Every structure is written in C-alpha cells, then in structure tokens.
Amino acid sequence: MEILQIVGFGLTAAVLIALIRSQAPQIALLLSLFAGAALFMLIVQRVGTVIGAMEHLAGAANIDWVFVQTIFKIVGIAYIAEFGAQIVRDAGESALAGKIELAGKVMIMVLAVPILTSVVETVMRVLQ
C-alpha cells in the first residue's frame, strides 16, 4: 500500500470519526481503534524489507547480528509504546498514556545495556 493510500485511509477514518463522535462517542472510539490498528498492520508488513536490507548490511560490515536484532527490538518497542500511548490518549487517558511511554523508555534502557557494555569494553580494550 502506497503512502497516499495510507494517508487517504487515515483521513477518511478521521472524517468519519469526527462525524460520528458527537452522536455516538463509543462507536467513534472503536472506529478510531480499528483504523489505528489497520494502519499499524499495513505498516508492519513493510518491516520485513527493512530487516532483510539491514541483515545484508550487517553481514557485509561483519557486525554481530545480535546487536542488529537488539536495535530492531528497541525501535519496535518505541513504535509500539508510542502507538499504544496515542490510542490511550485518544481515549482521554493522558496520564495513562504517559505511563505507557515511560514503560517503553525503561524497556529500551534494559535492552540497551548489553550494547553499551560492549561499547565500553571495546573502548577500554583499545585504550590499553
């Protein structure tokens, strides 16, 4: 699906939601959740191409695939946390959305520790 189709779908959903919201806010929220999930699934389908290209580049640069996988996990957590926070914020729960974003940041830090450790160890080896 091309970007114009994705944007067109999003704009159409936004107009429908705006029209329905005053009459039936619960249905508008469900429509918003459905449209957001549909857009997310359309975008996730494109991730395979990016992973394949990064795998090729990592192999050519002789980079350990574990590091590339960790970076993909970090990016995935950031996207999922942002997506979830936006949905919760759309439902009117901005405080809860902030907690989702915080949880995503903590999970990113947990995943980044092995990479940071490896970088520090490499720097220390070079300096010795």
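Residues numbered from 1 in each chain as written. Predicted model: local features only at pLDDT ≥ 70, side-chain atom pairs only at ≥ 80, totals over all residues. Heavy atoms only, no water.

- An unreviewed UniProt entry annotates the protein as Stage III sporulation protein AD originating from Kyrpidia tusciae.

A few points about the overall build of the protein
Link 1 in the chain: Counting its regular elements, the protein contains five helices and zero strands.
Link 2 in the chain: Order of helices (α) and strands (β) in the protein, N terminus to C terminus: α-α-α-α-α.
Link 3 in the chain: Relative to a compact globule of 128 residues, whose C-alpha radius of gyration would be 14 Å, the protein shows 20 Å and is clearly more extended.
Link 4 in the chain: Here the C-alpha coordinates of the protein stretch approximately 70 × 35 × 15 Å along the principal axes.
Link 5 in the chain: A separation of at least 24 residues holds for 48% of the contacts in the protein among residues at least 6 apart in sequence.
Link 6 in the chain: Accessible surface for the protein amounts to roughly 9,300 Å². Of this, 72% is attributable to carbon and sulfur atoms.
Link 7 in the chain: In the protein, which carries 7 positive and 8 negative side-chain charges, the distance between the mean positions of the two groups comes to 4 Å. (Helix = DSSP H or I, 4+ residues; strand = E, 2+ residues; numbered from the N terminus. Rg over C-alpha atoms; globule rule 2.2 N^0.38 Å. Contact = heavy atoms within 4.5 Å. Areas by Shrake-Rupley, 256 points an atom, 1.4 Å probe, with all protein chains shown as cover. Lys, Arg positive; Asp, Glu negative; His and termini not counted. Charge placed at Lys NZ, Arg CZ, Asp CG, Glu CD.)

A few points about the pattern of salt bridges
Link 1 in the chain: In total, this model carries one salt bridge according to the counting rule given.
Link 2 in the chain: R89 serves as the salt-bridge partner of E101, at 3.1 Å between the closest nitrogen and oxygen. You can see E101 sitting in helix α5 (residues 94-127) and its partner R89 sitting in helix α4 (residues 65-90), a full 12 residues away along the chain. (Salt bridge = Lys/Arg side-chain N within 4 Å of Asp/Glu carboxyl O.)

Focus: the domain arrangement of the protein
Link 1 in the chain: Domain assignment breaks the protein into domain 1 (1-62) and domain 2 (64-127).
Link 2 in the chain: Interface area for domain 1 against domain 2, summed over the two sides, is near 810 Å², with a carbon-plus-sulfur share of 86%.
Link 3 in the chain: It is L29, L33 and F40 in domain 1 that bury the most area against domain 2; as a group they hold 40% of the surface buried on that side.
Link 4 in the chain: Across the contact surface, domain 1 and domain 2 share zero residue pairs in polar contact (both at pLDDT 80 or more).
Link 5 in the chain: Among the elements of the structure, α2 (25-44) and α3 (47-60) are those that each provide at least two residues to the side of domain 1 that touches domain 2. (Domains from an automatic or database assignment. Buried area = accessible area lost by both parts, 1.4 Å probe. Polar contact = N/O pair within 3.5 Å; in protein donor to acceptor, adjacent residues only side chain to side chain.)

Examining the side chain of S32
Link 1 in the chain: Here S32 shows up in helix α2.
Link 2 in the chain: Beyond its immediate chain neighbours, meaning those up to four positions away, S32 contacts I17 and D90.

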